[in-house]
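# Structural overview
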Amino acid sequence: MSPATGKAAIQGPRVLLKRLRELMAEALEPQDRLDRIVREIAQNMVAEVCSLYVLRADSVLELYATEGLNPGSVHLAQLRLGEGLVGTIAASARALNLSDAQNHPAFAYLPETGEEIYHSFLGVPVLRAGRTLGVLVVQNRTMRQYREEEIEALETIAMVIAEMVASGELSRLTRPGLELDLSRPVTFEGMAFNDGIGLGHVVLHEPRVVVTNLFNEDSDAELERLEDALGSLRLSIDDMLSRREIAFDGEHREVLEAYRMFANDRGWGRRLEEAVRNGLTAEAAVEKVQSDMRARMLHMTDPYLRERMSDFDDLANRLLRLLVGQGPDGLADTLPRDAVVVARSMGAAELLDYPRERLRGLVLEEGALTSHVVIVARAIGIPVTGQMIGAVSMSENGDPIIIDGDEGVVHLRPQPDVEAAYAEKVKFRARRQELYRELRDKPAETLDGVTIDLMMNAGLAVDLPQLDESGAVGIGLFRTELQFMVAATFPRAEAQEKLYREVIRAAGDRPVTFRTIDIGGDKVLPYFKGTGPEENPALGWRAIRLALDRPALLRTQFRALLKASGGRELKLMLPMVTEISEISEARDLLEREVRHLSRFAAHLPTRVKLGAMIEVPNLLWQLDELMEAVDFVSVGSNDLFQFVAATDRGNTRLADRFDPISVPFMRLLRQIARAGDAAGTPVTLCGELAGRPLSALALFGAGYRAISMSPASIGPVKAMLRELHWGQVTERVGQLLDGRATDCELRAELQKFAADNQIPL
Ligand code: PEP
Ligand code: MG
């Protein structure tokens, strides 16, 4: 671009943007305003035609205003998404600049508009947050190629129009029965991370800054603001990078390094400056550059590039917040009572900043079952879905939304019938919940008087209120590693002790079984390097193996547990035991800690019981020895089944392939229960199997009288067991397990048994 043409182009949009600002401020009817806007654009750009097409919810682009085309065709001329030049621009989110439009293969002739006399054509998408809302076009009779600056100018104007569309003003021009695309219902399908259904309103975790001040008065002053903000942004990233907790290698650092690279990216800076020179405020410039980029990247499938785009998005949002001086707090005051938080990803601690009573669900664009935020969301019992690609950019704060955590589906701006169906589901659940609440203080006793211990699994302080709410008789599994997983660095001894004290206080006289840290495998600590990547982490350096190799870690935990349990019984359990010698080694370390503490006259537990988890098949051939070596055992059926059936527990493809409610696996579980009975060693089970009524029924039949599950499962399991005869169940399950395994569809047989005996599943 020569300096001379550059100068001319800079004048153009500035004058036009000023005129647009005046038009926006005037009290005009929406159609009037639009008509005058397109007239101004046409005049300013020396074009004979300027038209605005708006995208409707039915994927049709409707002509909303025109200068130059037949006025009678307004609201009549239509093109489908992808059809004609206008449809192509909308579908690709890219500008088209043609000197001879009619010769373009996509050209579609709309006779009602009278556009056949115009040759040159420039169309740009009307974008907001990467979404196409419409198309803005200028046309001329002569065959001419529009200049780069003209494209830039029209894109800037399109952004102003996007704000107008988003403001809702245009919906008044929409014919009855039709809707704009902006308010279109959208369904996302991804992964189900936590059960439950939530109806509510969108809360964007990083609220998109709504840019209201679009035009600058003084470009030079505005450029200075932009430079200042960019400077602060760069500083804040450097600052984050130098902080101690991320002074390691790893993902966190990589992301920040990428941020730093982008924040110093020349191209980005240049585009921002150009937009400011064209008359936008710094924040409007950020929004524009980001929107263009996002729309272009939307069609990319390369996961690396998409990821980088998300980084850019985050960065742009940070920059916007710096420019408008909006901090992350103050959110709670404006939070709706039924908030469904929508985020790309999020830290666990950030979720805890939201008041629990207002949260109805969490929708993540990323996330995995083992992400920390997902673990915490499960602990506080809200529905969670993940891998909801596009959810953030399609949502606006306050949009109605339904999250279905059972199916991994999200309905944004749902149709009334979808909403009604879900409202019915929620009511049904609430009625069942009411029923379970009534059962809370009733004994977990079968019709023939056998009492079962229903305990709950926990791992964080947020779990503790559930102890009273669920009616659990104790905590059968406290996963101590969760504290480590949600922290940014290794929790110090004091922090560990504090949590354990809290747990014990909440439990009162109910027993708690603390499991020593079970990290490794799928439970990764970002700040702990370990041995580096493993080929088979599930079979790798994890749990008790790791803890015995890092005795300082285990001893610190033992000490914290011993101190927190002063004056009461402490139950300790070791995860992933493979050999009995591991139990003796751990016991030695434990005894050393007891001796150490007693030397300082610490308040010690009245008794320490040491148990082992049965998760590794190797223990199955030394059950008698195992039962003698410990005070109790608990079956970790999640891992045990994973190893027995050679089936990765996190692999969704295999999730339903092999059924643990099958003769071989149940025979094995029965064998463990029998070995415990014979040795007088208590046996419990604390994997997911305990939490579903049908599998719990199978476990009772196999001899289990104590099981531990997520708190939400206690109601349904209790409702089931209060309707059965223990004697009948053990007899029936015994028959089935003693028959030929290949002749028995155990699950189906048990379902039939339950139906015949009116046992609610
Ligand atoms: C199990 O493996 O069944 C278990 C309870 O432990 P976790 O799910 O924490 O691995
Ligand atoms: Mg396990």
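Use the structure listed above.
Residues numbered from 1 in each chain as written. Chains lettered and ligands numbered in written order. Predicted model: local features only at pLDDT ≥ 70, side-chain atom pairs only at ≥ 80, totals over all residues. Heavy atoms only, no water.

### So, the overall build of the protein
For the protein, the helix and strand inventory stands at 27 helices and 22 strands. For the C-alpha atoms alone, the extent of the protein along its principal axes is close to 95 × 60 × 45 Å. Scored against the burial criterion, the 761 residues of the protein give a buried share of 53%. Summarising the internal contacts of the protein: among those between residues at least 6 apart in sequence, 67% fall at separations of at least 24. For the protein, the exposed surface amounts to about 34000 Å²; the carbon and sulfur share of it is 50%. Of the charged side chains in the protein, 89 are positive and 112 negative; the average position of the first set lies 3 Å away from that of the second. (Helix = DSSP H or I, 4+ residues; strand = E, 2+ residues; numbered from the N terminus. Buried < 20%, exposed > 50% of the residue type's maximum accessible area, 1.4 Å probe, protein only. Contact = heavy atoms within 4.5 Å. Areas by Shrake-Rupley, 256 points an atom, 1.4 Å probe, with all protein chains shown as cover. Lys, Arg positive; Asp, Glu negative; His and termini not counted. Charge placed at Lys NZ, Arg CZ, Asp CG, Glu CD.)

### Concerning the packing of helix α22 (residues 637-644) against helix α23 (residues 663-679)
Think of two packed helices as two axes; the pair is described by the angle between the axes and how far apart they sit. Axis separation between α22 and α23 bottoms out at 12 Å; the angle between their running directions is 125°. As far as their axial angle goes, α23 and α22 are oblique. Seen along the crossing, α22 lies across α23 with a hand that is right-handed. Contact with α22, carried on its side by Ser-637, Leu-640, Phe-641 and Val-644, involves Phe-665, Leu-668, Leu-669 and Ile-672 of α23 and no other residues of that element. Partitioning the contact of α22 with α23 into residue classes produces seven nonpolar, one polar and no charged. (Axes fitted to C-alpha atoms, helices over the stretch in contact; angles between N-to-C directions. Parallel < 35°, antiparallel > 145°, perpendicular 65-115°, else oblique. Left-handed = near helix turned anticlockwise from the far one by under 90°. Nonpolar A, V, L, I, M, F, W, Y, C, P; charged D, E, K, R; others polar.)

### Quick notes on the packing of aromatic side chains
With the rule as written, the count across this model stands at seven aromatic pairs. Aromatic pair Phe-484 and Phe-490: ring centres 6.1 Å apart, planes at 80°, arrangement edge-to-face. Relative accessible area serves as the criterion here: at 2%, Phe-484 is assigned to the buried category. The exposure class assigned to Phe-490 is partly exposed, which follows from its relative accessible area of 28%. (Phe/Tyr/Trp six-rings, centres within 6.5 Å; stacked < 30°, edge-to-face > 60°.)

### So, helix α17 (residues 493-507)
The terminal C-alpha atoms of α17 lie 21 Å apart, and with 15 residues this matches the ideal 21 Å at 1.5 Å per residue to within 8%. Within the span of α17, buried status applies to Gln-496, Glu-497, Leu-499, Tyr-500, Val-503, Ile-504 and Ala-507. Viewed end-on, α17 has its buried residues packed into an arc of 160°, placing them on one side of the element. Projecting away from the buried face of α17 at angles above 90 degrees are the exposed residues Glu-494, Lys-498 and Arg-505. Taken together, the buried residues of α17 touch α15 (465-470), β16 (475-479), α16 (481-486), β17 (512-515) and α19 (551-564). (Expected span 1.5 Å × (residues − 1). Arc of directions from axis to C-beta.)

### Overview of the nonpolar core
Residues Leu-626, Leu-669, Ile-672, Phe-700, Tyr-704 and Ile-707 are the most contacted members of the largest nonpolar core, which totals 89 residues. Sort the elements by how many residues they give to this core and α23 lands first, with eight residues. Setting aside chain neighbours within four positions, we find Leu-626 in contact with Ile-580, Ile-583, Ala-612, Ile-614, Leu-619 and Val-633. Ala-158, Val-165, Val-289 and Leu-323 belong to the second-largest nonpolar core, a separate cluster that totals 66 residues. (Core = buried A, V, L, I, M, F, W, Y, C linked by side-chain atoms within 4.5 Å.)

### Let's talk about the site of ligand 1
For ligand 1, the set of nearby residues contains 14 residues, the closest of which are Arg-479, Arg-515, Lys-523, Asn-638 and Arg-649. Backbone polar atom of Ser-637 to an oxygen atom of ligand 1: 3.1 Å apart, as the coordinates give it. Between ligand 1 and Asn-638, the relevant distance is 2.7 Å, taken from an oxygen atom to a main-chain nitrogen or oxygen of the residue. Calculation on ligand 1 without its partners gives an accessible area of 290 Å², and the protein chains cover 98% of this total. For the shell around ligand 1, the secondary structure elements donating two or more residues are β16 and α22. Taken together, the residues of the shell around ligand 1 break down into three nonpolar, four polar and seven charged. (Near = heavy atom within 4 Å. Polar contact = N/O pair within 3.5 Å; in protein donor to acceptor, adjacent residues only side chain to side chain.)

### Let's talk about the packing of helix α2 (residues 30-44) against helix α4 (residues 148-166)
The N-to-C vectors of α2 and α4 enclose an angle of 175°; their axes lie 12 Å apart at closest approach. Here α2 lies roughly antiparallel to α4, going by the angle between them. Residues Arg-33, Leu-34, Ile-37 and Ile-41 of α2 pack against Leu-154, Ile-157, Ile-161 and Met-164 of α4. Residue composition of the contact of α2 with α4, grouped by class: seven nonpolar, no polar and one charged.

### As for the coordination of the magnesium ion (ligand 2)
Bound to the magnesium ion (ligand 2) are the protein donor atoms Glu-615 (OE) and Asp-639 (OD), situated 2.0 Å from the metal. Of this pair, Glu-615 sits in the loop between β19 (607-614) and α21 (623-629) while Asp-639 sits in helix α22, placing them 24 residues apart in sequence. Its relative accessible area of 2% is what places Asp-639 among the buried residues. (Donors = N, O, S within 2.8 Å, 3.2 Å for Na, K, Ca; no water.)

### Thoughts on the sheet that holds strand β5 (residues 120-128)
On the basis of which strands lie adjacent, the open sheet formed by six strands has the order β3-β2-β1-β6-β5-β4 and antiparallel pairing. Only two strands of the sheet have a single neighbouring strand rather than two, namely β3 (78-80) and β4 (96-98). Strand-to-strand twist across the sheet, computed as the mean angle between neighbouring axes with direction ignored, equals 20°. Sheet topology places strand β2 (residues 60-67) next to β3; three bridges connect them, and they run antiparallel. Looking across to β3, one finds that Glu-62 is bridged to Gln-78. Along the sheet face, helix α3 (residues 84-92) touches β1 (49-55), β2, β3, β4, β5 and β6 (131-140) and points at about 35° away from the line of β5. (Pairing = 2+ DSSP bridges.)

### A short note on the sheet that holds strand β13 (residues 400-404)
Spatial strand order, β7-β14-β13-β9-β10-β11-β12-β8: eight strands in an open sheet with mixed pairing. Looking at which strands have only one partner, the edges of the open sheet turn out to be β7 (186-189) and β8 (191-194). Geometrically, the sheet is characterised by an average inter-axis angle of 30° between neighbouring strands, direction not taken into account. Pairing of β8 with strand β12 (residues 384-386), which is carried by three bridges, proceeds in the antiparallel orientation. Across the sheet, the residue bridging to Ala-192 is Thr-385, located in β12. Seen against the sheet, helix α12 (residues 372-380) touches β8, β11 (359-364) and β12 and runs at an angle of roughly 160° to β11.

### Quick look at the pattern of salt bridges
The full count for this structure, using the stated rule, is 43 salt bridges. Across the salt bridge formed by Glu-150 and Arg-144, the nearest N and O atoms sit 2.8 Å from each other. On the accessibility criterion, Glu-150 (11% relative accessible area) is buried. Residue Glu-497 is joined to Lys-563 by a salt bridge in which the shortest nitrogen-to-oxygen separation is 3.6 Å. Taken together, the residues Glu-497 in helix α17 and Lys-563 in helix α19 connect sequence positions 66 residues apart. By relative accessible area, which is 15% here, Glu-497 ends up buried. The class of Lys-563 is partly exposed, set by a relative accessible area of 34%. (Salt bridge = Lys/Arg side-chain N within 4 Å of Asp/Glu carboxyl O.)

### Topic: a negative patch on the surface
Taken together, the side chains of Asp-218, Asp-220, Glu-224, Glu-227 and Asp-228 make up a negatively charged region of the molecular surface. By the secondary structure assignment, Glu-227 is in helix α5 (residues 219-242). The exposure class assigned to Glu-227 is partly exposed, which follows from its relative accessible area of 37%. (Patch = residues over 30% accessible without salt bridge, like charges linked within 9 Å, V, L, I, M, F, W, Y side chains within 5 Å.)

### Some points on the side chain of Ser-695
You can see Ser-695 is positioned in helix α24 (residues 693-701). With relative accessibility at 3%, the residue Ser-695 sits in the buried group. Apart from residues no more than four positions distant in its own chain, Ser-695 is found in contact with Ile-661 and Leu-689.

The values are spatial; any link to function lies outside them.
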